[in-house]
Amino acid sequence: MQLLGSPASPFVRKVLVTLRETDQLDQIEFVEVATTPTKSAPEVTVAHALKKIPALVRPDGCTLYDSRVITRFFDARAKGNLYPERNIWEVLTLEATGDGIMEAAVLMVYESRVRPEDKQFDGWVEAQWSKVENALDALSKLWMSHLYGPLDAGQIAVGCALGYLDFRHGGRDWRKGRDGLAGWYAEFSKRDAMQATSPA
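Residues numbered from 1 in each chain as written. Predicted model: local features only at pLDDT ≥ 70, side-chain atom pairs only at ≥ 80, totals over all residues. Heavy atoms only, no water.

Peer 1: It is not clear to me how the overall build of the protein chain should be interpreted in this structure. Could you clarify?
Peer 2: Summing up its helical and strand segments, the protein chain has nine helices and four strands in all. Listed by position from the N terminus, the elements making up the protein chain come as β-α-β-α-β-β-α-α-α-α-α-α-α. Over its C-alpha atoms the protein chain spans a radius of gyration of 17 Å, differing by no more than 12% from the 16 Å that the globule rule assigns to 200 residues. Overall, the C-alpha framework of the protein chain stretches about 45 × 45 × 30 Å when taken along its three principal axes. A burial count over the protein chain gives 46% of its 200 residues as buried. Residue pairs in contact within the protein chain that sit at least 24 positions apart in sequence constitute 67% of those at least 6 positions apart. Carbon together with sulfur atoms contributes 50% to the accessible area of the protein chain, which is approximately 10300 Å² in total. Taking the 24 positively charged and 27 negatively charged side chains of the protein chain as two groups, their mean positions are separated by 2 Å. (Helix = DSSP H or I, 4+ residues; strand = E, 2+ residues; numbered from the N terminus. Rg over C-alpha atoms; globule rule 2.2 N^0.38 Å. Buried < 20%, exposed > 50% of the residue type's maximum accessible area, 1.4 Å probe, protein only. Contact = heavy atoms within 4.5 Å. Areas by Shrake-Rupley, 256 points an atom, 1.4 Å probe, with all protein chains shown as cover. Lys, Arg positive; Asp, Glu negative; His and termini not counted. Charge placed at Lys NZ, Arg CZ, Asp CG, Glu CD.)

Written out as structure tokens, the structure reads:
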């Protein structure tokens, strides 16, 4: 199997963390590609109908895409417990929250990197950051007990989302007023899988 992606993508990182946590990293070939909303690598264009990363090219089935599909595939393949049935809806909702933070944060980066300077809209950027902050507040108020529970896909998504905020939006100080969430992330980021996939 080939995993198409970029190490800088938080969605790709989520898959790589899952592979490490389920001990399957040696069963895929990682193909590093570059893609933006305006230009995709040829491999991605062929593999992914929406021309995005990550994409998992399988020799014995359709290409899988959307990070949530890929992580669930690998968890099922390893007979893991990252999507436990006992609280599956909570896990999926937490994962969607982490993914939503990533999406808004990535769109902020694209606004300055891809859109021409005379067409950039600060109000739109701040609206994306407002989504991030609202989600962070929700995590702080509603999800701390879950975050400190057994490892699951929701925790991985949130961990990768917070790592991306540090990587691309460190100057915004997401930790301010969120000591509990910051403390959880400080511990979670020490996991071997997180350390090994930290973006440069």
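Peer 1: Help me out: how do you make sense of the side chain of Thr35 in this one?
Peer 2: With respect to the helices and strands, Thr35 occurs in the loop between β2 (29–32) and α2 (42–47). Here the side chain of Thr35 touches Lys39 through a polar contact of 3.5 Å, landing on its backbone oxygen. Not counting the four nearest positions on each side in its chain, Thr35 is found in contact with Ser40, Ala41, Lys51, Ile53 and Tyr110. (Polar contact = N/O pair within 3.5 Å; in protein donor to acceptor, adjacent residues only side chain to side chain.)

Peer 1: Help me understand helix α3 (residues 67–77), please; the structure alone is not making it clear to me.
Peer 2: Residues three or four positions apart in an α-helix share a direction because the helix packs 3.6 residues into each turn. Turning to α3, its buried residues number three or more, namely Ser67, Ile70, Thr71, Phe74 and Asp75. Each buried residue of α3 sits inside an arc of 130 degrees when the element is viewed along its axis, so together they form one side. Looking at the packing, one finds that the buried side of α3 touches β1 (2–5), α1 (10–21), β3 (55–57), β4 (64–65) and α4 (88–113). Of the residues flanking the end of α3, it is Lys79, one or two places downstream, whose phi is positive at about 50 degrees. (Arc of directions from axis to C-beta.)

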